[in-house]
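One letter stands for each residue in the lines below.
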Amino acid sequence: MKKGIVISGFSGIGKTTLAQKYKNVIDLDSAEFVYDDSNMLHIPFEQRKGEKRNPNPNWPMNYIKAIKEAIQNYDLILVWDREDIINEYLKNQIDFSLCYPAKDDLPYYIKRFQSRGNTEKYIQMKINQYDN
């Protein structure tokens, strides 16, 4: 039975880029599971982050289910790093590793967020969450 490795990583570390480069890697961006964006499809995905969005009533179990399915089908599963969902990984016995940049590198990540079109509100939220 195949068992992929789950990496819970900070925003901007390259999860999406890695998943686009290799077919045995999947980036399970949590926003697709946390929110119901059906009324925002005209807004680019990265620009939706930090905006007021409708919650998905199936969260977080829809995400946990997707991770468990991906573990069976991919070598590497890249997932969200927020404290509340990390607690769900633990409750659901999902083994994972955390991947974070050094705090001194945060100015570089601010530039990455800006270049990919994230809002200033989102950028500040991510930087403020770093220590958590």
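Residues numbered from 1 in each chain as written. Predicted model: local features only at pLDDT ≥ 70, side-chain atom pairs only at ≥ 80, totals over all residues. Heavy atoms only, no water.

Student: Account for the sheet that holds strand E1 (residues 5-9), with residues named and values stated.
Tutor: Reading across from one edge, E2-E5-E1-E6 is the order of the four strands in this open sheet, with parallel pairing throughout. With partners counted over all chains shown, the strands left at the sheet margins are strand E2 (25-27) and strand E6 (97-99), one partner each. With direction set aside, neighbouring strand axes in the sheet form an average angle of 25 degrees. Pairing of E1 with strand E5 (residues 76-79) involves four bridges; the strand directions are parallel. Pairing of isoleucine 7 across the sheet is with leucine 78, part of E5. Where helix H4 (residues 61-73) meets the sheet, its contacts fall on E1, E2 and E5, and the angle it forms with E5 comes to roughly 160 degrees. (Pairing = 2+ DSSP bridges. Helix = DSSP H or I, 4+ residues; strand = E, 2+ residues; numbered from the N terminus. Axes fitted to C-alpha atoms, helices over the stretch in contact; angles between N-to-C directions. Contact = heavy atoms within 4.5 Å.)

Student: How would you explain the layout of surface pockets if you had to name every residue and give the values?
Tutor: Of the volumes computed, that of the largest pocket is approximately 560 Å³. In terms of lining, the largest pocket is formed by 33 residues, of which the most central are Ser11, Asp29, Lys49, Arg116 and Tyr122. Of all the secondary structure elements, the ones that give two or more residues to the lining of the largest pocket are helix H1 (15-21), helix H2 (31-34), helix H6 (106-115) and helix H7 (120-129). Top element by residues in the lining of the largest pocket is H7. It accounts for five residues. Of the residues that constitute the lining of the largest pocket, the class distribution is nine nonpolar, 11 polar and 13 charged. Of the voids in this model, the second largest pocket is the one considered here, and its volume is about 170 Å³. What lines the second largest pocket is Phe10, Asp81, Arg82, Glu83, Ile86, Leu98, Tyr100, Lys126, Gln129, Tyr130, Asp131 and Asn132. A breakdown of the residues in the lining of the second largest pocket according to their chemical character gives five nonpolar, two polar and five charged. (1 Å grid on protein atoms, 1.4 Å probe; cavity = no way out; pocket = protein on both sides within 12 Å on 5 of 7 lines; lining within 4 Å. Points joined across faces, edges and corners; volume = space filled by probe spheres on them. Nonpolar A, V, L, I, M, F, W, Y, C, P; charged D, E, K, R; others polar.)

Student: Explain the side chain of asparagine 62 to me, using residue names and the numbers behind them.
Tutor: Among the secondary structure elements, asparagine 62 is positioned in helix H4. Classification of asparagine 62 as buried rests on a relative accessible area of 18%. (Buried < 20%, exposed > 50% of the residue type's maximum accessible area, 1.4 Å probe, protein only.)

Student: An account of the side chain of asparagine 92 is requested, with residue identities and associated values reported.
Tutor: Within the fold, asparagine 92 resides in the loop between helix H5 (83-91) and E6. On the basis of relative accessible area, asparagine 92 is assigned to the buried category, the value being 18%. Separated by 2.9 Å, the side chain of asparagine 92 and the backbone oxygen of glutamate 88 make a polar contact. Not counting chain neighbours up to four residues away, the residues in contact with asparagine 92 comprise Met61, Ile64 and Lys68. (Polar contact = N/O pair within 3.5 Å; in protein donor to acceptor, adjacent residues only side chain to side chain.)

Distances and angles like these do not, on their own, reveal function.
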